[in-house]
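Structure assessment
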Amino acid sequence: MKHLTEYRDGETAKRLAGEIARRVTRPWAIMEVCGGQTHSIIRNGIDQILPNEIEMIHGPGCPVCVTPLDVIDKALAIASRPDVIFCSFGDMLRVPGSQGDLFQVKADGGDVRVVYSPLDAVKIARENPDREVVFLAIGFETTAPANAMAVKLAHDQRVENFSALVSHVLVPPAIEAIMNSPGNRVNAFLAAGHVCSVTGFSHYHPLCDRYKVPIVITGFEPLDLLEGIRRCVVQLESGSAHVENAYPRVVSEQGNEAARAILDDVFETTDRNWRGIGSIPQSGWRLRETYRNFDAESKFDVSTIRTQESPLCRAGDVLKGAIKPNQCAAFGTQCTPRSPLGATMVSAEGACAAYYNYGRLVPLEAPNKNVAEQA
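This report concerns the structure included in the present document. Keep in mind that this is a model prediction, so the values were computed, not measured.

Calculation criteria
Residues numbered from 1 in each chain as written. Predicted model: local features only at pLDDT ≥ 70, side-chain atom pairs only at ≥ 80, totals over all residues. Heavy atoms only, no water. Buried < 20%, exposed > 50% of the residue type's maximum accessible area, 1.4 Å probe, protein only. Helix = DSSP H or I, 4+ residues; strand = E, 2+ residues; numbered from the N terminus. Arc of directions from axis to C-beta. Contact = heavy atoms within 4.5 Å. Polar contact = N/O pair within 3.5 Å; in protein donor to acceptor, adjacent residues only side chain to side chain. Expected span 1.5 Å × (residues − 1). Disulfide = S-S within 2.5 Å. Pairing = 2+ DSSP bridges. Axes fitted to C-alpha atoms, helices over the stretch in contact; angles between N-to-C directions. Parallel < 35°, antiparallel > 145°, perpendicular 65-115°, else oblique. Left-handed = near helix turned anticlockwise from the far one by under 90°. 1 Å grid on protein atoms, 1.4 Å probe; cavity = no way out; pocket = protein on both sides within 12 Å on 5 of 7 lines; lining within 4 Å. Points joined across faces, edges and corners; volume = space filled by probe spheres on them. Phe/Tyr/Trp six-rings, centres within 6.5 Å; stacked < 30°, edge-to-face > 60°. Lys NZ or Arg CZ within 6 Å of the ring centre and 35° of its normal.

Take helix H8 (residues 118–127) next. Two residues of an α-helix separated by three or four positions point the same way, owing to the 3.6 residues in each turn. Three or more residues of H8 are buried, namely Pro118, Ala121, Val122, Ile124 and Ala125. On an axial view of H8, the arc spanned by its buried residues comes to 160°, and they lie on one face. Taken together, the buried residues of H8 touch strand S3 (84–88), strand S4 (111–114), strand S5 (132–139), helix H9 (144–156) and strand S6 (162–169). Where H8 begins, one side-chain oxygen reaches toward the backbone nitrogen of leucine 119, 3.1 Å away; that side chain belongs to serine 117.

Quick look at the structure:
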């Protein structure tokens, strides 16, 4: 409760917004990388109390949203097999593939189970030695240590009927891809605190040096985000560009050394496709050779699956920050949480879901920013 009240104080928020307004002298575009940050910004109206010069651009840091369509289709194919128990976190069950989703597979008789930890899937495999048990291992650096631990445990205990369909992606290569993309407008980044709690942030320094862009690590509460934005503005207005840790209660520069060790043991970097974005070199993890027997993609030979994305869905443009969700013609009409065209409308961290759930149904030319002006 202490942190809930301490980092949601309205008067402090007004003061921070006022300080940002007093410091800013020209337009700046700041990208919050994480989808959880996007939801907090929209839910709390943070973007609407900032001065007009500050534009928040929503980044690709939603793990469900960027899981590529071919991985979803491979999951559907594997989960449909009668000899498979398919395990996943609940947020993946409604993500649309080319044809249907995991809920549909379950409705059609597939053994699809929601688990709360990848270790639960290993336990299910031990309890069902005559079935293949597959865990859908997706996400950024935050979820990867637990998934790596599950694979290592299965390896060490010789639970050979367990495997993982791996689609892990990494934040720093995504930032680099955004900075290199044509028409990029991002002047500064808010980095996700929970990612940095695992990996630390030493790998962000080269990005700041190369692209002359500030990166401020922050949390997810309203005051965390406003303080991160304030620090970005201070750097931008002074012409500096370096890494700042605005989330020291959780993040240290070296991160979690035990988590980093298990990641290095189980995974190696590889090129990865990002849904709606495309391939980013060395932007993900795959299982090392030692653990390759636990790779579901190889075990079930689903590498030849062909995908078909909805022609109406502009989730890729949303994930790249090119448009806001309510600038997509299908938003709120052909695409809703009940009938989503893309993962950004399904995920609890998706930008489209945030705009739909919190009433941002139409684009606003001039948001009401009286709070910042009065503070």
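Having seen the structure, we can now continue with the description.
Glancing now at helix H2 (residues 10–23). For H2, spanning 14 residues, the distance from its first C-alpha to its last is 20 Å, which sits close to the expected 20 Å at 1.5 Å a residue. Within the sequence span of H2, burial applies to Ala13, Leu16, Ala17, Gly18 and Ile20. Sitting at the amino-terminal end of H2 is aspartate 9, which places a side-chain oxygen 3.4 Å from the backbone nitrogen of glutamate 11.

Counted under the stated rule, the structure contains one disulfide. Between the sulfur atoms of cysteine 62 and its disulfide partner cysteine 65 the distance amounts to 2.4 Å. Between cysteine 62 and cysteine 65, the disulfide has an S-S torsion of 65° and is therefore right-handed. Both residues of the pair, cysteine 62 and cysteine 65, count as buried. Just so you know, cysteine 328 is unpaired, no disulfide at all, and the nearest cysteine sulfur is the one on cysteine 313, 6.5 Å from it. Residue classification places cysteine 328 among the buried residues on the basis of a relative accessible area of 12%. For cysteine 335, which is in no disulfide, the shortest distance to another cysteine sulfur is to cysteine 313 and amounts to 6.0 Å.

Bringing the pairing of strand S1 (residues 28–34) into the picture now. With seven of its seven residues buried, S1 lies for the most part within the structure. Two elements, S1 and strand S2 (residues 54–61), share six bridges in a ladder whose sense is parallel. Within S2, the position partnered with alanine 29 by the bridge is glutamate 55. When S1 meets strand S7 (residues 188–192), the two strands line up parallel, connected through three bridges. Bridging from a neighbouring strand, glutamate 32 pairs with leucine 190 of S7.

As a further point, take the sheet that holds S3. Pairing within the open sheet is mixed, and its six strands lie in the order S4-S3-S5-S6-S11-S10. Only two strands of the sheet have a single neighbouring strand rather than two, namely S4 and strand S10 (267–274). Taking each pair of neighbouring strands and ignoring which way they run, the sheet shows an average axis angle of 25°. Strand contacts of H9: S5, S6, S10 and strand S11 (278–287), with the helix running at about 155° to S6, the strand carrying the most contacts. Contacts from helix H10 (residues 171–180) reach S6, S10 and S11 within the one sheet, and its direction differs from that of S11 by about 175°.

The next thing to look at is the sheet that holds S7. Across the sheet, which stays open at both edges, the five strands sit in the order S2-S1-S7-S8-S9 with parallel pairing between neighbours. Edge positions in the open sheet fall to S2 and strand S9 (243–245), since each of these has one partner strand only. Neighbour to neighbour, the strand axes of the sheet diverge by 25° on average, direction disregarded. Strand direction decides the pairing type here: S7 and strand S8 (residues 215–218), joined by four bridges, are parallel. Bridging across to S8, leucine 190 finds its partner in valine 216.

In contact at an axis separation of 8 Å, H8 and H9 are set at 20° when each is read in the N-to-C sense. Comparing their axes, H9 and H8 come out roughly parallel. Considering how the two elements wind past one another, H8 and H9 form a crossing that is right-handed. In this structure, H8 contributes Pro118, Leu119, Val122 and Arg126 to the contact, and H9 contributes Ala146, Asn147, Met149, Ala150 and Leu153.

Quick look at empty space enclosed by the protein now. All chains considered together, the criterion is met by two cavities of 30 Å³ or more. Taken as a whole, the largest cavity holds about 80 Å³ of empty space. As for the largest cavity, its lining consists of 13 residues, of which Cys313, Arg314, Cys328, Cys335 and Cys352 are closest to the centre. The volume enclosed by the second largest cavity comes to roughly 50 Å³. Lining the second largest cavity are Gly35, Thr38, His58, Gly59, Cys62, Cys65, Val318, Leu319, Thr344, Glu349, Gly350 and Ala351. Looking at the lining of the second largest cavity, the elements that each hand over two or more residues are helix H3 (35–43), S2 and helix H16 (315–319).

Here the focus is the packing of aromatic side chains. In this structure the tally under the stated criterion is four aromatic pairs. Geometrically, the ring pair formed by phenylalanine 331 and tyrosine 356 is edge-to-face, given 6.3 Å between the ring centres and 75° between the ring planes. Within this pair, whereas phenylalanine 331 is found in the loop between H16 and helix H17 (351–357), its partner tyrosine 356 is found in helix H17, the two being separated by 25 residues in sequence. Taking the relative accessible area as the measure of exposure, phenylalanine 331 reaches 9% and is therefore buried. Over the aromatic face of tryptophan 28 sits the side chain of arginine 26, whose NZ or CZ is 4.1 Å from the ring centroid.

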